[in-house]
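For reference, the chains in residue letters:
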Number of protein chains: 4
Amino acid sequence: MVDYQTIIDKIVANSKEATERGVIASYIPELANISLHKFGIHILDADRKTYSAGEALEGFSIQSISKVLALAFSFSLVGDELWKRVDVEPSGDPFNHLSLLELENGIPRNPFINAGALVIADVLVSHLENPKEEFLRFVQELANDSSIRYNEKVALSEKRTGFKNYAAANLLKSYGNLRNDVDSVLDLYFYQCSLEMNCKQLTDAFYIFMNHGTCLREKSYLNLTQVKRINALMLTCGFYDEAGEFAFEVGLPGKSGVGGGIVALLPNTYCVATWSPGLNPKGNSKLGMAALEELTTKTGHSIF
Amino acid sequence: MVDYQTIIDKIVANSKEATERGVIASYIPELANISLHKFGIHILDADRKTYSAGEALEGFSIQSISKVLALAFSFSLVGDELWKRVDVEPSGDPFNHLSLLELENGIPRNPFINAGALVIADVLVSHLENPKEEFLRFVQELANDSSIRYNEKVALSEKRTGFKNYAAANLLKSYGNLRNDVDSVLDLYFYQCSLEMNCKQLTDAFYIFMNHGTCLREKSYLNLTQVKRINALMLTCGFYDEAGEFAFEVGLPGKSGVGGGIVALLPNTYCVATWSPGLNPKGNSKLGMAALEELTTKTGHSIF
Amino acid sequence: MVDYQTIIDKIVANSKEATERGVIASYIPELANISLHKFGIHILDADRKTYSAGEALEGFSIQSISKVLALAFSFSLVGDELWKRVDVEPSGDPFNHLSLLELENGIPRNPFINAGALVIADVLVSHLENPKEEFLRFVQELANDSSIRYNEKVALSEKRTGFKNYAAANLLKSYGNLRNDVDSVLDLYFYQCSLEMNCKQLTDAFYIFMNHGTCLREKSYLNLTQVKRINALMLTCGFYDEAGEFAFEVGLPGKSGVGGGIVALLPNTYCVATWSPGLNPKGNSKLGMAALEELTTKTGHSIF
Amino acid sequence: MVDYQTIIDKIVANSKEATERGVIASYIPELANISLHKFGIHILDADRKTYSAGEALEGFSIQSISKVLALAFSFSLVGDELWKRVDVEPSGDPFNHLSLLELENGIPRNPFINAGALVIADVLVSHLENPKEEFLRFVQELANDSSIRYNEKVALSEKRTGFKNYAAANLLKSYGNLRNDVDSVLDLYFYQCSLEMNCKQLTDAFYIFMNHGTCLREKSYLNLTQVKRINALMLTCGFYDEAGEFAFEVGLPGKSGVGGGIVALLPNTYCVATWSPGLNPKGNSKLGMAALEELTTKTGHSIF
C-alpha cells in the first residue's frame, strides 16, 4: 500500500528548501505578483481518498491546463469530427513562438498548441449558446464545485496583450479553420485560460480522465476510447517543448500551465496536481516537475 | 491470467483476412520483393515464457528498429554525455523528409530521426575498434543468438541510394556534430539498418528494456534510469510522424521500421514483436499497428 | 528619337488579339467583376510629354502599387530611421502566403511584402493626424489630380476578409514593431490599397521617382539618395515572387498590383503605366508584363 | 567624357586610409593569410581602353564569381533547358546557411546560391569530356589569357572541409536534380571556385556580358537574350543576402566572392573589377562595395 501522505509531506518539505525555484511568468501583471515560494500538492485516488500538502487549497491561474478541459467538452459535443480540424501529433516547437508555422495547411498539430486550442474554442463557440457561462458550468460540474470562477482581470489583460493569439486566430480564419469571428473565439479562449482553481479542484476536475470518462458526480461525458485519446495527447503533447523530458521523468499523462500548475494522472489509480509558480526555461513549473518525478519514483507508478 | 496465445492466434487469423494491408517500401529492391501476406507475432513475458503465431521465425530487415539497439549500446558506453549531442524531444516531422531542417544548430531533435541516429552511430565509431563487428556482437548477445546477421545486399543498396542520409551526415559534420568521417559513420549506419531478425529475436533483444537493463543472458548493460530514458524516447518518438497516434492506439513504448517490423514492451510484463511488410502512409506497418492495438486492448495493458 | 506612340499603339493592337490573358483576382468581389479585355497604357516622359493608348484613362484598383506611394510618404517623414524597422532585401517568398515566416525577429524583409507595408502604414499613422485624408492628399498632390479617390467598397471588402493581414499585423505587434493599434494600421492599409487610379494618374504620381524626388507640381519630397533607394527596392522587390523574371524581361524599377496595374520607370527618361486585369500565376498582370517587355526592347531602354 | 583614371586613383587613395576594412574569410587557410591592406581596381570600357589602380594585377581566389562564368558556359551548351532545373529568383537567404531549405522540391532558387551552382556544375560534367580542363580553357578564352590557373591547394582545402556543399549535392541527388555522381560534381565545383584571377583578368572575362555575348576574342558564346538573363540574375541575386543593398548603392549587375573580389558592369559601357579581401557581415567585400558606389555615383552610371 502506497503511503501518499508521507510522500507528499516529504515533497513539500523538500520544496521549502529548494533554492532554484525557476522564474515567474511576467507577461501578465496578474501572474507576475505571485510569491515564488508558494507550493501545493494534492492527490485524489481511485477510491476518492484525498491527500493534501502545502498550499493545495490556494487558487491560481490554470492557463493552458484549461486546454484539456476545453478539449474534453468539445470532444463530448462533436466526437471524432474534431480530428478533421486538428491533428494529434507532437509539434516539436515551443508553445507559441513558432506554432504559427504549423498552420500552413490550416490544421494545427495538436489541441494543446495555441492554434489548436483556438480551434477547440471555436467548436465550443459554435455549439454553445453562452460559451463562457456553459464552459464554466462544465468545469464546475466536473470538479463538483460551483465556486470556481474566471479571473476577469487576467482575461482582460491577455485580451490587451495576446497579439500572437490574435495572429494565430486570424491565420486559422484565413484557412477557413475558424467558423466564428475571431473576437468571439478569443474571448472564450482568454476567459478559459483565466480560470482560477486550486490543486484540489484540479484533481477533482481531472478525475474524469482516470475514471473512464465518468466525473465525480457520476455523470458520463466521454467514452473510454475518448478518454484514452485525451490521455495519450496529454502524454505526448502536454508539456510544450518538453514532452519527451516529462514522459521520461514522470511517465504519466499530464498538462502544465504558465501559472505554475501541473496536473497528471494514472488511469484507475490516482490524479495529482501541483502548484509552484516558478517556471523552467521551457515554461513548465520547475518544482512541480521535480515533485511529480519524486512521486512517481517513490510510488513506482511510472509507466516505464 | 492473460491468455496471450489465444489472443495472438486470433490476431493472426484476423490478419489473414485483412484486405487493406498497406504498401511495401520500394526504395530498396531487397525490401520490395517481400510478400505482402507475411504476418508474424511473438511475445516474451517477464517469466520468459514465449507465445508465437504466424511467421514469427522468418527474418526481415529491421531497419529503424536498430536505432534503439544502437542507442542502448552508445548510451552504455558514454552515459548522459550523449544528450549534449542529441535532444530527447519529439520532432513533429516525417522521418526523413524534413529532418535536416532540425539541424540548424546541429543538434538533432531525438536519436530516432535519421540525423539523430547518425550521431549515435558516430559515437559507436568513436568508441569501438571494429564498429560493425562489435555492434553485431552486441545485438547477438542481447538476443542470445549468434546467428543474427547483417544483410550485405540491403546495406550496399542503401549505400548506393541513401543520398538524404549522406546529406544529413555532411550537414552534421559541418556543425561539428560528427567526429568521424562521413563514410565511416554511414557505413555503420547502413549495416546496422540492414540487420535481419525475426519476431522472436526482436523480443529477445528488447527483453533488456522490460527487465531494468539486464539482458536475457543476465548481463547488465544499462541502469534503471537509462532504461527509463530509452523507453520514454520510444513512446514519444518511436513512430516517425505517428507517435501520438501510436501512443493512443497502443500506449506502449515501441519502435517501428520500414521493413514492416514493430517491437513494443510493457516494463516488467512483456515484450512483443510483429511483422507485416505493408506500411501505412506514415511509414508504419499497417497490420502491425492494428495487432498491437488489439493486443493491448484485450490484455488491458495499455497505459491509458 | 523614340516614337513612343507608334510603339504603344502596336502594343494595344497586339493585346486585343491575345487569347491567353491570365486570370482575374477573385478574392474581392469588386475586383472580380472587371472585364478581362480591358487594356490601357500611358507614358509620361522627362519633358512631360504624354503618350496614351487603350483604356489609359479608366480607373482601377491600384492595390499593392500603393505601397510605393506610402513608402515615399513615410520615408519623407522619418528618413533612414525607417530601415530600423523594415529591411531592404528581396524575400524569396510569394506575396503573402509565407510572408509571416519572415517576421521571426519582427523585421519584415522589405516594404513591399504585406508585413513590411503594414510597418510603413504604422509609421504614417504615428506621424499623421488624419492618416487616410493626408495620405490621399499626398497622392493627389503627387499626381496633381484632386479627383483621385479611395474605393470604400473595396476597402471594406478587404477589411472583412483580409485575415492574413490581420494575422501579420498582430504578429508585428507581438514583436513590438507596430506602434499603433492593429485596427488603425489596417484601416489605413486597406484604404490605401483601395485607391482608384488610371494609367495616366499613375505615371503622374510616379513622375517623382524619375525626377530626383521632385513631383509634377515642383514640390520636392525626397532627395536623390532616397529616390535611388525606392527605385532599387522596386527593381529587386517590386514583383512578388517574380522580381528576377521582371528584371530580366523589363529591366526597370517598377511595381505591380493584383488589380492588374503595373507602373515602371527609367530615371530621367520616362514613366509608364499599364493596366490589364488578368494575372499570371505569380500575381502580376500577364499582358502588362508582356507590354513592358516589348516597350523596353523596342526603345532599347532596358538596363541590360 | 568620364575620366575613369582620376576617379579610381582617388578611390585607391581613399582605400589606403580606410580603417574599417572588414574581416577576411577564414574558413580556408589559403584565404586567411591574405593581407587586409590589399586593394585593386580595374576598368575595361567598351572601346577596350583600360584603367588600373592599386593591386589590379595581383591574383586572388575568385570563389563565387566563378558561378557567373560556369553559368555562361552551361547556358551556352544547353540553352533554356537550364531553367527546368534551377529557378531565376532571389532567395532571401544567406549564401549557404539556409540554402538547403530551398531545395524542398529539388529546384534551387537561382544559379548563384550554392545549390544552384552545383546544378550548373552538374550540367557541365554531363556535357564535357574533361570538365575541369574545358572549363579552365573556356575562362582562359573569355579572358584571352592562357596563364589563368586553378589553385589546387584551395580546391583541396575546400574538398576537405566543404561539408555543407556535400550536403547540398546529396540533397539535390536525392531529388534527382544531379545527374552525375556527387564527387565528380563537387570536384569541378571546388576547382572552379579556386580559380585565381586578378582584376584585369576579371574585367576581360566579363567583357562578354557588356558586349552582347561576344568575348574579347570576338567569339560569340551567348545571344543577346542570354546575356540579358545573366545580367538580370547578377543584379537580383549576385550579392548573397545583400542584393537589394548592392542594387541601391551600385545599381549595376555584378557578382562578389568571399575572396574579396567584385566584378560589375554596365552593358555597352564598361566592366569593372575590385579586390579588397575584408568582408562585411554579409560576405561581400567592404571596400569593394564602397568603391563601386563611389564609381557609379561619380560617373553617373547607376541605373537609378
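Definitions and limits used
Residues numbered from 1 in each chain as written. Chains lettered and ligands numbered in written order. Predicted model: local features only at pLDDT ≥ 70, side-chain atom pairs only at ≥ 80, totals over all residues. Heavy atoms only, no water. UniProt positions renumbered as here; feature names shortened; annotations may be inferred. Helix = DSSP H or I, 4+ residues; strand = E, 2+ residues; numbered from the N terminus. Buried < 20%, exposed > 50% of the residue type's maximum accessible area, 1.4 Å probe, protein only. Contact = heavy atoms within 4.5 Å. Areas by Shrake-Rupley, 256 points an atom, 1.4 Å probe, with all protein chains shown as cover. Pairing = 2+ DSSP bridges. Axes fitted to C-alpha atoms, helices over the stretch in contact; angles between N-to-C directions. Parallel < 35°, antiparallel > 145°, perpendicular 65-115°, else oblique. Left-handed = near helix turned anticlockwise from the far one by under 90°. Nonpolar A, V, L, I, M, F, W, Y, C, P; charged D, E, K, R; others polar. Buried area = accessible area lost by both parts, 1.4 Å probe. Salt bridge = Lys/Arg side-chain N within 4 Å of Asp/Glu carboxyl O. Least-squares fit on C-alpha atoms with pLDDT ≥ 70 in both. Domains from an automatic or database assignment. 1 Å grid on protein atoms, 1.4 Å probe; cavity = no way out; pocket = protein on both sides within 12 Å on 5 of 7 lines; lining within 4 Å. Points joined across faces, edges and corners; volume = space filled by probe spheres on them. Polar contact = N/O pair within 3.5 Å; in protein donor to acceptor, adjacent residues only side chain to side chain. pLDDT = per-residue confidence, 0-100. Phe/Tyr/Trp six-rings, centres within 6.5 Å; stacked < 30°, edge-to-face > 60°.

An unreviewed UniProt entry annotates chain A as Glutaminase originating from Zobellia barbeyronii. On record in UniProt, under Catalytic activity (unreviewed entry), the comment for chain A is "L-glutamine + H2O = L-glutamate + NH4(+)".

Participant: Describe in detail the overall build of chain A, supporting the description with residues and values.
Facilitator: When you go through chain A residue by residue, the secondary structure sums to twelve helices and nine strands. For the C-alpha atoms alone, the extent of chain A along its principal axes is close to 55 × 40 × 35 Å. Counting all 304 residues of chain A, 67% fall into the buried class. Pairs at least 24 residues apart make up 68% of the contacts formed inside chain A by residues separated by at least 6 positions. Element-wise, carbon and sulfur atoms account for 49% of the exposed surface of chain A, whose accessible area totals about 10300 Å².

Participant: Any details on the pairing of strand 7 (residues 261-266) of chain D? Residues and values, ideally.
Facilitator: All names here are of chain D. Here strand 7 lies mainly inside the structure; six of its six residues are buried. Side chains of strand 7 alternate between two faces, with Gly261, Val263 and Leu265 and Ile262, Ala264 and Leu266 buried alike. Looking at chain direction, strand 6 (residues 254-256) and strand 7 are connected through three bridges and run antiparallel. When the bridges of strand 7 are listed, Ser256 appears paired with Ile262. Hairpin connection between strand 6 and strand 7: a loop of four residues separates the two successive antiparallel strands, and Gly260 in this loop has a positive phi of roughly 100°. Linking strand 7 back to strand 8 (residues 270-275) in an antiparallel pair, the connection comprises three residues, with Asn268 at a positive phi of about 70°.

Participant: Report on the packing of helix 3 (residues 66-78) of chain A against helix 9 (residues 199-210) of chain A, specifying residues and quantitative values.
Facilitator: Residue and element names in this part refer to chain A. Relative to each other, helix 3 and helix 9 sit at 50°, their axes nearing to 11 Å. Of the possible angle classes, the one that applies to helix 3 and helix 9 is oblique. Read as a crossing pair, helix 3 and helix 9 show a hand that is left-handed. Contacts between helix 3 and helix 9 involve Val68, Leu69 and Ala72 from the first element and Ala205, Phe206 and Phe209 from the second. For the contact of helix 3 with helix 9, the per-class residue count stands at six nonpolar, no polar and no charged.

Participant: How would you summarise the interface of chain B and chain A if you had to cite specific residues and measurements?
Facilitator: Tallying the contact residues gives 30 residues for chain B and 30 residues for chain A. Interface area, chain B with chain A, both sides summed: about 2500 Å², of which 62% is carbon and sulfur. Counting the surface chain B buries against chain A, the share from its top three residues, Lys228, Phe248 and Phe304 of chain B, is 30%. At the junction of chain B with chain A, the criterion picks out four salt bridges. Across the salt bridge formed by Glu245 of chain A and Arg229 of chain B, the nearest N and O atoms sit 3.2 Å from each other.

Participant: Could you give an account of the side chain of Glu245 of chain A, naming the residues involved and the relevant values?
Facilitator: Inspection of the secondary structure puts Glu245 of chain A in helix 11 (residues 243-249). Judged by relative accessible area, which is 16%, Glu245 of chain A ranks as buried. Beyond its immediate chain neighbours, meaning those up to four positions away, Glu245 of chain A contacts Val88, Glu89 and Arg229 of chain B.

Participant: Quick one: what's the story with the arrangement of the chains, residue by residue and with numbers?
Facilitator: With respect to C-alpha atoms, chain B approaches chain C no nearer than 15 Å, and the pair has no contact. The two units chain A and chain D never meet; even their closest C-alpha atoms stay 15 Å apart.

Participant: Explain the relation of the copies chain B and chain A to me, and be specific about the residues and the numbers.
Facilitator: Each of the two chain copies can be brought onto the other by rotation about an axis and movement along it. The operation relating chain B to chain A is a screw motion whose rotation component is 180°, with 0.0 Å of axial translation and a residual RMSD of 0.0 Å. Expressed as an axis order, the relation between the two copies is that of a two-fold axis. Most of the interface of chain B is mirrored in chain A: 100% of its interface residues are interface residues there too.

Participant: Quick one: what's the story with the domain arrangement of chain A, residue by residue and with numbers?
Facilitator: All names here are of chain A. Considered domain by domain, chain A is made up of domain 1 (4-60 + 198-299) and domain 2 (64-193). Each of domain 1 and domain 2 has a C-alpha centre, and these two points are 21 Å apart. Residue-level contacts link 34 residues of domain 1 with 32 residues of domain 2. Interface area for domain 1 against domain 2, summed over the two sides, is near 2900 Å², with a carbon-plus-sulfur share of 72%.

Participant: For the layout of surface pockets, give the residues involved together with the corresponding values.
Facilitator: In this structure, the second largest pocket encloses a volume near 820 Å³. The wall of the second largest pocket is formed by 42 residues, among which Leu266 and Ile303 of chain A together with Leu266, Ser302 and Ile303 of chain B lie closest to the centre. Where the lining of the second largest pocket is concerned, the elements lending two or more residues are helix 9, helix 10 (224-237), helix 11 and helix 12 (286-299) of chain A together with helix 9 (199-210), helix 10 (224-237) and helix 12 (286-299) of chain B. Broken down by class, the residue content of the lining of the second largest pocket amounts to 17 nonpolar, 20 polar and five charged.

Participant: Break down the UniProt feature "binding site: substrate" (unreviewed entry) in chain A for me, citing the residues and quoting the values.
Facilitator: Residue and element names in this part refer to chain A. Residues given the UniProt feature "binding site: substrate" (unreviewed entry) here are Ser64, Asn114, Glu158, Asn165, Tyr189, Tyr240 and Val258. Not counting residues within four places of it along the chain, the set of residues in contact with Ser64 comprises Tyr240, Lys255, Ser256 and Gly257. Turning to its location among the elements, Tyr189 is positioned in helix 8 (residues 182-193).

Participant: Provide a residue-level description of the sheet that holds strand 7 of chain D, including the pertinent values.
Facilitator: Residue and element names in this part refer to chain D. Here five strands make up an open sheet; going across it, the order is 3-2-8-7-6 and the pairing antiparallel. Looking at which strands have only one partner, the edges of the open sheet turn out to be strand 3 (50-54) and strand 6. On average, each strand axis in the sheet is inclined to that of its neighbour by 5°, with strand direction left out of account. With six bridges connecting them, strand 7 and strand 8 associate as antiparallel partners. Note that in strand 8 the partner of Ala264 across the bridge is Val272. Across the sheet, helix 12 (residues 286-299) is in contact with strand 2 (40-45), strand 7 and strand 8; its angle to strand 8 comes to roughly 150°.

Participant: Can you explain the environment of Asp181 of chain D? Please cite residues and give values.
Facilitator: All names here are of chain D. Its location among the elements puts Asp181 in the loop between helix 7 (163-174) and helix 8 (182-193). Sequence spacing of Asp181 and Ala169 is twelve residues, and the spatial spacing of their C-alpha atoms is 9.1 Å. Of the polar contacts made by the side chain of Asp181, one reaches the side chain of Ser184; its length is 2.7 Å.

Participant: An account of the pattern of salt bridges is needed here, citing residue identities and associated values.
Facilitator: Close approach of charged atoms lets side chains of opposite charge pair. One pass over the full model with this rule turns up 48 salt bridges over all chains. With a shortest N-O distance of 3.2 Å, Glu81 of chain D and Lys84 of chain D are connected by a salt bridge. Salt bridges sharing common partners tie together Arg109 of chain A together with Asp241 and Lys282 of chain B.

Participant: Lay out the side chain of Ser157 of chain B with the relevant residues and their values.
Facilitator: Residues and elements named next belong to chain B. Turning to its location among the elements, Ser157 is positioned in helix 6 (residues 152-161). Under the relative-accessibility criterion, Ser157 is labelled buried at 3%. A polar atom in the side chain of Ser157 sits 3.2 Å from the side chain of Glu30. For Ser157, the residues in contact, after removing those within four places along its chain, are Ile28, Pro29 and Glu30.

Participant: Help me get a handle on the confidence of the model for chain A, residues and values and all.
Facilitator: Residue and element names in this part refer to chain A. Of the residues in chain A, 95% reach a pLDDT of 70 or more, and the chain-wide mean stands at 92. Predicted confidence for residues 94-99 stays below pLDDT 50, and this span has twelve contacts to residues more than four positions away or in other chains. Across the interfaces of the predicted complex, the ipTM metric reaches 0.92, alongside a pTM of 0.93.

Participant: Before we move on, could you go through the packing of aromatic side chains and cite the residues and values that matter?
Facilitator: In this structure the tally under the stated criterion is 48 aromatic pairs over all chains. Plain terms: the ring middles of Tyr4 of chain C and Tyr270 of chain C are 5.3 Å apart, the flat faces sit at 55° to each other, and that makes the pair tilted. Of this pair, Tyr4 of chain C sits in helix 1 (residues 4-17) while Tyr270 of chain C sits in strand 8 (residues 270-275), placing them 266 residues apart in sequence. Each member of the pair, Tyr4 of chain C together with Tyr270 of chain C, is buried. With a centroid separation of 5.1 Å and an interplanar angle of 85°, the aromatic rings of Phe138 of chain D and Tyr221 of chain D are classed as edge-to-face. On the criterion of sequence distance, the pair formed by Phe138 of chain D in helix 5 (residues 131-143) and Tyr221 of chain D in the loop between helix 9 (199-210) and helix 10 (224-237) is long-range, its members being 83 residues apart. Under the relative-accessibility criterion, Tyr221 of chain D is labelled buried at 17%.

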